Amino acid sequence: MYKLTYKQYFEALKEGKLLGLKCNDCGSYTAPPKLCCDKCGSTNNEVVTLSGKGVIKTFTVIRVAPEGYDAPYIVAMAELEEGPWLMGNIANVDPDKAKMDNIIGKKVTVGAKVLPKMNYTPDEGVTPAFIIAE
Amino acid sequence: MRKVCVAGVGMTKFGKSEKSSIEMFAEAAMEAIIGSNIKPSDIQCLYLGNVFGDFEEGQALMAPYAAREIGLSVGTPSLRFEGACASASMAIRDAFVAVAGGFYDVVLAGGTERELAMGTPLATRTFNMATEQYYEGMTGLTFPGVFAILSRLYSKKYGIPLSKLKERMAMVAVKNHKNGAKNPLAQFRKEITVEEVLSGPMIAEPLQLLDCCPFTDGAAAIIITTEEKAKKMVEKPVYILGVGQGSGAPLYRQKDFTLIESRVAAAKTAYAMAGIEPKDIDVAEVHDCFTTAEIVATECLGFFDFGTASEAVEKGETQIGGRIPINPSGGLKSKGHPIGATGAAQAYEIVKQVRGEFVERGTQVEGAKIGLTDTLGGDSGVICNIIYGIKG
């Protein structure tokens, strides 16, 4: 039933390919993947490779981290060219220098950060690492 | 559907506790039972909110042990409700559904949590577990982080400079501490200033320490029953006039989540069931886990137009005596936030507000007849709204 599971999505992201679903009924894109189109609920969709380009909409610098993470680091949300938003980390900005005017609205490409298996995670994880264009 | 009422309510002191989660719940429950003039054996079901008992005390399966701790009979079903920070409100809503539908006549609902036993790194990790884990939690997002991200979206969307917004956010903390200072059950009974908020350590930029609610130990409980039985139990039964609950998507699917759609939907359901509008609410306990959280909640609940609630805070409209008093208990911010219990503690406050019991405490909202609780679970995965009212 699933055309794209989290594992397949993670494996592709690790190889530099951002996958998503394109709905054959309404034409909208869903990423990260889920069972049905996020807009219309249709399961008539196909796996596509997305451009991996977007714009940062908002961010924070985490100063107090959960167990297993080392602060400070940036968590941000980016809007992709195709419409969906992703949450990820920003790879190439010093957290101490992150301000609204040098982050929000900046163009990014989507890379990947691999996380080892930790307590309470089922397996290794892969999360988007946004790279702000110079 | 039968009319449903609250009889007795109970709540422990919030803060650091030397008691177990079950002991705390038993104390709150017994206060509610005694206040309802009933015996434990009159209770037909227990709905218990608890989120991280497994991590805090290594204790899963808390509900049946809690049931037997307070003397419920061996044939009484007991259920754990897990809806992150909204767990107890979910328990109360389901108790309402069961009594309204005629299956039970008397249900004990509430919750308990012992967060301080975990320490900050593990507590921060467990709270992160309530965000979607595969595409969101792995970024290392924390709960302060969620509302930090929201604060910047809000500042951009409505053109309120972040420095101005942060000042108004600080005023939310100042107001709630002012109320909490008068609440003997609150964790922090201390007034604070805007300057203190703005000079605190950074937690998740732009949120500072005093923008955030604390980790807390505590429990709260309420007895939910039919109108007919409640009238026999207590002098002032409080009616549950409307309930609503929504299910929100992960944040990356909500995109701009300054307008939390699950909250708008839940509130709409509750208002429609009660046959009232936001302007009819006299007092509200709103989910102020972070200062910005209260600002956006009061917009989604229809108290203020979108983008205007921070200005309303500055004008004093959410103070006791203002247009719509928000969090007279001190809120999660000052009273504390034992997540499994929070919704029941909000109910405790609103039930006593509409009964007019806080005159001596100095936080009574004058003439309050209808009150609302608003509880958010996770980063809006669960929103539960409940409207309480008194006759006459």
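What counts as what
- Residues numbered from 1 in each chain as written.
- Chains lettered and ligands numbered in written order.
- Predicted model: local features only at pLDDT ≥ 70, side-chain atom pairs only at ≥ 80, totals over all residues.
- Helix = DSSP H or I, 4+ residues; strand = E, 2+ residues; numbered from the N terminus.
- Rg over C-alpha atoms; globule rule 2.2 N^0.38 Å.
- Buried ≥ 20, exposed ≤ 12 C-beta atoms within 10 Å, placed from the backbone.
- Contact = placed C-beta atoms within 7 Å.
- Domains from an automatic or database assignment.
- Nonpolar A, V, L, I, M, F, W, Y, C, P; charged D, E, K, R; others polar.
- Core = buried A, V, L, I, M, F, W, Y, C linked by C-beta atoms within 7 Å.
- Pairing = 2+ DSSP bridges.
- Axes fitted to C-alpha atoms, helices over the stretch in contact; angles between N-to-C directions.
- Arc of directions from axis to C-beta.
- Parallel < 35°, antiparallel > 145°, perpendicular 65-115°, else oblique.
- Expected span 1.5 Å × (residues − 1).
- Left-handed = near helix turned anticlockwise from the far one by under 90°.

Participant: Requested: an account of the overall build of chain A, with residues and values cited.
Facilitator: Regarding its fold elements, chain A presents two helices and eight strands. Its helices and strands in sequence order give chain A the pattern α-β-β-β-β-β-β-α-β-β, from N to C terminus. Its C-alpha atoms give chain A a radius of gyration of 16 Å, within 12% of the compact-globule value 14 Å for 134 residues. Here chain A holds 134 residues, and 40% of them are scored as buried. Within chain A, counting contacts between residues at least 6 apart in sequence, those at least 24 apart form 49% of the total.

Participant: Can you break down the domain arrangement of chain B residue by residue, with the values?
Facilitator: Residue and element names in this part refer to chain B. Split into domains, chain B comes out as domain 1 (4-119 + 215-240) and domain 2 (141-213 + 241-389). Computed from C-alpha coordinates alone, the two centres of domain 1 and domain 2 are separated by 23 Å. With 37 residues of domain 1 in contact, the opposing surface of domain 2 contributes 36 residues. When residues of the side of domain 1 that touches domain 2 are traced back to their parent elements, those giving at least two are β1 (4-11), α4 (87-100), β4 (106-114), β7 (217-226) and β8 (238-247). Counting residues per element, the side of domain 1 that touches domain 2 draws most heavily on α4, which supplies seven residues. When its residues are assigned to classes, the side of domain 1 that touches domain 2 shows 20 nonpolar, eleven polar and six charged.

Participant: Go over the nonpolar core, please, and point to the residues and values.
Facilitator: Judged by nonpolar contacts, the single largest core of 172 residues is most densely connected at Val6(B), Ile92(B), Ile222(B), Ile224(B) and Ala344(B). In this structure Ile92(B) touches Ala109(B), Ile222(B), Ile224(B), Gly343(B), Ala344(B), Ala347(B) and Ile386(B), once residues within four positions along its chain are discounted.

Participant: Give me the lowdown on the sheet that holds strand β9 (residues 283-285) of chain B, citing residues and values where you can.
Facilitator: Residues and elements named next belong to chain B. The strand order β3-β2-β4-β7-β1-β8-β11-β10-β9 describes an open sheet built from nine strands, whose pairing is mixed. Edge positions in the sheet fall to β3 (78-81) and β9, since each of these pairs with one other strand and no more. On average, each strand axis in the sheet is tilted by 25° relative to the strand beside it, whichever way the strands run. Relative to strand β10 (residues 370-377), β9 runs parallel, the two sharing three bridges.

Participant: Got a sec to walk through helix α1 (residues 6-14) of chain A? Specific residues and values, please.
Facilitator: Residues and elements named next belong to chain A. When α1 is considered as a whole, its buried residues turn out to be Tyr 9, Phe 10 and Leu 13. The buried residues of α1 occupy an angular sector of 100° when projected down its axis, which confines them to one face. Buried residues along α1 sit in contact with β1 (19-23), β7 (107-115) and β8 (125-132). Looking one or two places after α1, you find Gly 16, whose phi comes out positive at around 85°.

Participant: Can you lay out the domain arrangement of chain A for me, pointing to particular residues and giving the numbers?
Facilitator: One frequently used descriptor of interface size is the decrease in accessible area upon assembly of the parts. All names here are of chain A. The domain boundaries assigned to chain A delineate domain 1 (1-50) and domain 2 (51-134). Distance from the C-alpha centre of domain 1 to the C-alpha centre of domain 2: 20 Å. Contact with domain 1, which involves ten residues of that partner, is made by eleven residues of domain 2. Going through the elements one at a time, α1 and β2 (29-30) are the ones with two or more residues in the side of domain 1 that touches domain 2. Looking at the side of domain 1 that touches domain 2, its residues break down into six nonpolar, three polar and one charged.

Participant: Go over the sheet that holds β1(A) with me, naming the residues and quoting the values.
Facilitator: All names here are of chain A. Taking strand neighbours across the sheet as the criterion, the three strands line up as β2-β1-β3 in an open arrangement whose pairing is antiparallel. With one partner strand each, in any of the chains shown, β2 and β3 (45-49) form the two edges of the open sheet. Here β1 runs beside β2; their pairing, made up of two bridges, is antiparallel. Residue pairing in the sheet places Leu 21 in a bridge with Thr 30 of β2.

Participant: With reference to specific residues and values, describe the packing of α4(B) against helix α15 (residues 342-354) of chain B.
Facilitator: Residues and elements named next belong to chain B. Packing of α4 against α15 leaves a shortest axis separation of 5 Å and a crossing angle of 65°. With respect to α15, the element α4 is oriented roughly perpendicular. In contact with Ser 87, Ala 88, Ser 89 and Ile 92 of α4, α15 contributes Thr 342, Gly 343, Ala 344 and Ala 347. Residues belonging to the contact of α4 with α15 are distributed by class as follows: four nonpolar, four polar and no charged.

Participant: Give me the lowdown on the interface of chain A and chain B, citing residues and values where you can.
Facilitator: With 29 residues of chain A in contact, the opposing surface of chain B contributes 29 residues. No other element matches strand β4 (residues 53-62) of chain A, which puts six residues into the side of chain A that touches chain B. Tallied by class, residues from the side of chain A that touches chain B come to 18 nonpolar, seven polar and four charged.

Participant: A description of the environment of Glu81(A) should follow, citing residues and the corresponding values.
Facilitator: All names here are of chain A. By the secondary structure assignment, Glu 81 is in the loop between β5 (73-80) and β6 (85-90). Taking the C-alpha atoms as reference points, Glu 81 and Gly 54, 27 residues apart in sequence, are found 5.3 Å from one another. Dropping the residues within four chain positions of it, Glu 81 is found in contact with Ser 51, Lys 53 and Gly 54.

Participant: How would you sum up helix α1 (residues 21-35) of chain B? Please name residues and give values.
Facilitator: Residue and element names in this part refer to chain B. Spanning 15 residues, α1 covers 21 Å between terminal C-alpha atoms, matching the ideal 21 Å at 1.5 Å per step. For α1, every residue scored as buried is listed here: Ser 21, Ile 22, Met 24, Phe 25, Ala 26, Glu 27, Ala 28, Ala 29, Ala 32 and Ile 33. Close packing links the buried residues of α1 with β1, β2 (45-49), α2 (53-56), α3 (62-69), β4 and β7. One or two positions beyond α1, positive phi appears at Asn 37, with a value near 55°.

Participant: Any chance you could break down the environment of Cys37(A) for me, citing the residues and the numbers?
Facilitator: All names here are of chain A. Within the fold, Cys 37 resides in the loop between β2 and β3. For Cys 37, a count of 21 C-beta atoms within 10 Å translates into the label buried. Remark: the alpha-carbon pair of Cys 37 and Thr 49, spanning twelve residues in sequence, is separated by 16 Å.

Participant: A description of the pairing of β1(B) should follow, citing residues and the corresponding values.
Facilitator: Residues and elements named next belong to chain B. Burial runs high along β1: eight of the eight residues are buried. Sheet topology places β1 next to β7; six bridges connect them, and they run antiparallel. Residue pairing across strands places Cys 5 opposite Thr 225, the latter belonging to β7. Both β1 and β8 contribute to a ladder of two bridges, which runs antiparallel. Bridge pairing in β8 places Cys 5 opposite Tyr 239.

Participant: Lay out the packing of α1(B) against α3(B) with the relevant residues and their values.
Facilitator: Residue and element names in this part refer to chain B. Across the interface, α1 lies against α3 with an axial gap of 9 Å and an inter-helix angle of 50°. One way to sum up the angle between α1 and α3 is to call them oblique. In the crossing of α1 with α3, the sense of the turn from one axis to the other is right-handed. Where α1 approaches α3, its residues Ser 21, Ile 22, Phe 25 and Ala 26 are matched on the opposing element by Met 62, Tyr 65, Ala 66 and Glu 69. Residues that form the contact of α1 with α3 fall into these classes: six nonpolar, one polar and one charged.

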